[in-house]
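Each chain is listed here by its residues.
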Amino acid sequence: MSWDWDDVREGWARAERAVQIPAGQPLVDMRPMRRFSPRRVRVPIAITGHSGSGKTTLYEALTGRLASNSHATSKSQTVEKHRTYIRTANGAVRAEAHVPPGQFSNQRRFALDAMMEENRRYPAGVIHAVSWGFNTVWPDELQGAADGIRTEGDPINLATVTKRNRREELKNFEDICERLKKAWNGRRDVWLIIAVAKCDLYWPQLDEVRDYYIPGSPGGDSDFAYLLRELVDRVGTSNLKRVAVVPFSCRLDTYRFGLDVSTPPVMDSSQTSALVNHLLSVIGEVL
Ligand SMILES: Nc1nc2c(ncn2[C@@H]2O[C@H](COP(=O)(O)OP(=O)(O)OP(=O)(O)O)[C@@H](O)[C@H]2O)c(=O)[nH]1
Ligand SMILES: [Mg+2]
């Protein structure tokens, strides 16, 4: 039996509709656990994704800390570990979220090995952030990225930068898929949410974006959708509690690639609040 991708597409459409309604109070509340709790942490969650795709920011937004933190983040060097309380309509859940850095590095590899190879409990769920090629290329990688684009004979513009970034994003996802196939081998009730982040920067292209990230589109699977389908088939539909692919945005920063490229957000803060609340609801449903 294969996964019901039409159902995933319907979930995407629900997120799209959510931005048309003024954001109210979220139904699910996620708060950092400040005090040490001797009780065993229950749900291990990994927040993965390519460098600059928005993982650190996404976690801050989900836990309500973004409003008080208006400065942009910088490249994470090591794994960020958080303990959090998640209150849903069905009660409270204790979770531990690990956010490994996205950049291929020893730190990233150590963090992923520790999570997915050495710890049999990890991860019960994964939130994987992608960003349609709008991932931030940090200053120390800018020159190499620009040289790579020019080597292919292309000029530096938004189209060539995002195309290059999507290729890098794909390599990152391929690595995560291989790791998850091993970590989830023989596991049940695992779940995967693909958060298609920073959608405030490309909202008018959303149908094309959906067809790139969700398998089973009329034009055939993209390279990304193919990897996702293969992962889900390998883990086994009966072992997966939920697969969701949803548009997400949580802050309204202009996207920049060096001095050559910049593009502003095209959404407003009430729409991004609705998307944060929507992702919280999806998390509440899988716990
Ligand atoms: N427009 C827009 N920009 C965002 C959004 N989320 C994050 N950003 C920007 O993207 C930058 C990178 O986000 P991070 O959360 O640091 O990315 P990361 O995935 O943690 O990156 P690494 O630590 O390198 O793995 C931030 O500094 C913000 O400027 C969003 O929803 N919309
Ligand atoms: Mg980070």
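Up top you'll find the structure we're talking about.
Computed from a prediction, not measured in an experiment: that's the story for all the values here.

## Re the site of ligand 1
By nearness alone, 26 residues border ligand 1, and T56, T57, T73, S76 and G102 come closest of all. Among the elements that take part in the shell around ligand 1, helix α2 (residues 55–62) stands out by supplying 3 residues, more than any other.

## Notes on helix α6 (residues 206–213)
Looking only at α6, the buried set comprises V209, R210, Y212 and Y213. Along α6, the residues classed as buried sweep out an arc of 160° about the axis, all on the same side. Buried residues along α6 sit in contact with α1 (5–18), β5 (125–130), β6 (190–196), α7 (223–235) and β7 (240–247).

## Thoughts on the packing of helix α5 (residues 158–183) against α7
Interhelical geometry of α5 versus α7 gives an angle of 5° and a closest axis separation of 10 Å. Between α5 and α7, the angle falls in the class roughly parallel. Along its contact with α5, which presents L170, F173, E174, C177, L180 and K181, the element α7 presents D223, F224, L227, L231, R234 and V235. A breakdown of the residues in the contact of α5 with α7 according to their chemical character gives 8 nonpolar, no polar and 4 charged.

## A short note on the nonpolar core
Among the nonpolar cores identified, the biggest contains 70 residues, and L58, A195, V196, V246, F248 and L279 are the most heavily contacted of them. Here this core takes 8 residues from helix α8 (residues 269–286), the largest share from any one element. Contacts of L58, omitting those with residues within four sequence positions, involve I47, A129, A195, A197, F248 and C250.

## Concerning unusual backbone geometry
The phi angle at D189 is positive, at roughly 60°, despite the residue not being glycine. Classification of D189 by C-beta neighbours within 10 Å gives exposed; the count is 12. Phi at K198 is positive, roughly 60°, even though this residue is not glycine. Secondary-structure assignment places K198 in the loop between β6 and α6.

## Thoughts on the pairing of β5
Note on strand geometry: in a regular strand, side chains alternate between the two faces of the sheet. Of all the 6 residues making up β5, 6 are buried; the element is thus mostly covered by neighbouring parts of the structure. Burial of β5 is two-sided: the residues G125, I127 and A129 facing one way and the residues V126, H128 and V130 facing the other way are all buried. Note that strand β2 (residues 43–49) and β5 share 5 bridges and pair parallel. Residue pairing across strands places A46 opposite V126, the latter belonging to β5. In terms of strand pairing, β5 meets β6 through 6 bridges, oriented parallel. Paired with V130 across the strands is V196, a residue of β6.

## Details of the sheet that holds β2
One open sheet holds the 7 strands; their spatial order is β1-β3-β4-β2-β5-β6-β7, and the pairing between them is mixed. Where the open sheet ends on each side, the last strands, each with one partner, are β1 (29–32) and β7. Taking each pair of neighbouring strands and ignoring which way they run, the sheet shows an average axis angle of 25°.

What counts, and where the lines are drawn
- All chains use their own residue numbering, which begins from 1 and follows the written sequence.
- Chain letters start at A and ligand numbers start at 1, both assigned in the order the entries are written.
- A pLDDT threshold of at least 70 governs which residues receive local features in this predicted model, and a stricter bar of 80 or more applies before side-chain atom pairs are shown or counted, although totals over entire chains, interfaces and linings include all residues.
- The C-beta atom of each residue is placed using the backbone, and any residue whose C-beta lies within 6 Å of a molecule or strand is treated as near it.
- Per the convention used, a helix needs a DSSP run of H or I reaching at least four residues, while a strand needs a run of E reaching at least two, with both numbered from the N terminus.
- Counting other C-beta atoms within 10 Å of its own, a residue is labelled buried from 20 upward, exposed at 12 or fewer, and partly exposed in the gap between, with every C-beta atom placed from the backbone.
- Think of the arc as the fan of directions from the helix axis to the C-beta atoms.
- Note that contacts rest on C-beta atoms placed from the backbone: two residues are in contact if these are within 7 Å.
- The axes used here are C-alpha line fits, helices contributing only the stretch in contact, and every angle between their N-to-C directions lies in the interval 0 to 180 degrees.
- Angle categories are assigned with fixed cut-offs, so that under 35 degrees is roughly parallel, over 145 is roughly antiparallel, 65 to 115 is roughly perpendicular, and the rest are oblique.
- Under the scheme applied here, ten amino acids are nonpolar (Ala, Val, Leu, Ile, Met, Phe, Trp, Tyr, Cys and Pro), four are charged (Asp, Glu, Lys and Arg), and all others, including Gly, are polar.
- A set of buried Ala, Val, Leu, Ile, Met, Phe, Trp, Tyr and Cys residues, joined through C-beta atoms within 7 Å, is what we mean by a nonpolar core.
- The pairing criterion for strands is at least two bridges between them, as found by DSSP.

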